[in-house]
Amino acid sequence: MTDGVRNITTALATISEHWQPHRLTSINDYDVKVVKLEGEFVWHTHPDTEELFLVLSGELTIQLRDRDVVLGPNDVFVVPRGVEHCPKADEEVEALLFEPQGTVNTGDAGGAMTSQLREINNT
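All values reported here derive from a predicted model rather than from experimental measurement.

With that settled, the discussion passes to the packing of aromatic side chains. With the rule as written, the count across this model stands at one aromatic pair. Here the aromatic rings of Trp19 and Phe41 are separated by 4.7 Å at their centres, their planes lie at 20 degrees, and the arrangement is stacked. Separated by 22 residues along the polypeptide, Trp19 in the loop between α1 (8-13) and β1 (22-27) and Phe41 in the loop between β2 (30-40) and β3 (51-57) bring together distant segments of the chain. Summarising the burial analysis for this pair, Trp19 and Phe41 share the class buried. Over the aromatic face of Trp43 sits the side chain of Arg65, whose NZ or CZ is 3.7 Å from the ring centroid.

What follows is the structure, encoded as structure tokens:
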């Protein structure tokens, strides 16, 4: 996708809306996305893939049906393929997501929070 250096902090500074993932770069068949999160998302699954969350700042709770996983800065959690989950952030969180290209943010749930993947420019 790019042969230049991408800066995560600069990329996040260009994002003004929550729950709107932006592609920072791609590697093989995966996208590396930056996103700001605040509030509660929707319950959903990704039937065909796992999803990796890396929290850069703030505290993110990944709600699962049987437990909550709380992530702070520099914590990583992989939501297993097909596991229903709902991310929640009481205050703003900055995070990286690693997902196969074409992964829809709302998985199988669809709805108003579904976002087209956006590109980061000029980082």
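Structure's up, so let's keep going.
So, on to the pattern of salt bridges. Applying the stated rule across the entire model yields five salt bridges. Ionic pairing is found between Arg23 and Asp31, a salt bridge with its closest N-O pair at 2.7 Å. Relative accessible area serves as the criterion here: at 16%, Arg23 is assigned to the buried category. In this structure, Lys33 and Glu99 form a salt bridge, with 2.4 Å as the shortest nitrogen-oxygen distance. Of this pair, Lys33 sits in strand β2 while Glu99 sits in strand β7 (residues 85-100), and the two are 66 residues apart along the sequence. For the pair formed by Lys33 and Glu99, the shared burial category is buried.

Once that is clear, we can look at the environment of Leu56. As for its position among the elements, Leu56 is in strand β3. With a relative accessible area of 27%, Leu56 lands in the partly exposed category. Considered as a pair, Leu56 and Leu71 are 15 residues apart in the sequence and their alpha carbons are 9.7 Å apart. Apart from the residues lying within four places of it in its own chain, the contact partners of Leu56 are Ile8, Leu12, Pro73, Glu94, Ala95 and Leu96.

With that settled, consider the nonpolar core. Generally speaking, a soluble globular protein has its nonpolar side chains buried in company with each other. One finds Leu37, Phe53, Leu60, Ile62, Leu71, Phe77 and Val93 to be the most contacted residues of the largest nonpolar core, which totals 17 residues. Mapped onto this core, the elements with two or more residues apiece are β2, β3, β4 (60-64), β5 (68-71), β6 (76-79) and β7. With four residues, the single largest contributor to this core is β7. In this view, Phe77 contacts Glu51, Leu52, Phe53, Ile62, Leu64, Arg67, Val69 and Leu71; residues no more than four positions away in its chain are not counted. Ala11, Leu24, Val34 and Leu54 belong to the second-largest nonpolar core, a separate cluster that totals nine residues.

Mapped onto the secondary structure, Thr45 falls in the loop between β2 and β3. Given a relative accessible area of 11%, Thr45 falls into the buried group. For Thr45, the contacting residues outside a window of four places in its chain are Gly82, Val83, Glu84, His85, Gly107 and Asp108.

How each quantity is defined
- Residues numbered from 1 in each chain as written.
- Predicted model: local features only at pLDDT ≥ 70, side-chain atom pairs only at ≥ 80, totals over all residues.
- Heavy atoms only, no water.
- Phe/Tyr/Trp six-rings, centres within 6.5 Å; stacked < 30°, edge-to-face > 60°.
- Helix = DSSP H or I, 4+ residues; strand = E, 2+ residues; numbered from the N terminus.
- Buried < 20%, exposed > 50% of the residue type's maximum accessible area, 1.4 Å probe, protein only.
- Lys NZ or Arg CZ within 6 Å of the ring centre and 35° of its normal.
- Salt bridge = Lys/Arg side-chain N within 4 Å of Asp/Glu carboxyl O.
- Contact = heavy atoms within 4.5 Å.
- Core = buried A, V, L, I, M, F, W, Y, C linked by side-chain atoms within 4.5 Å.

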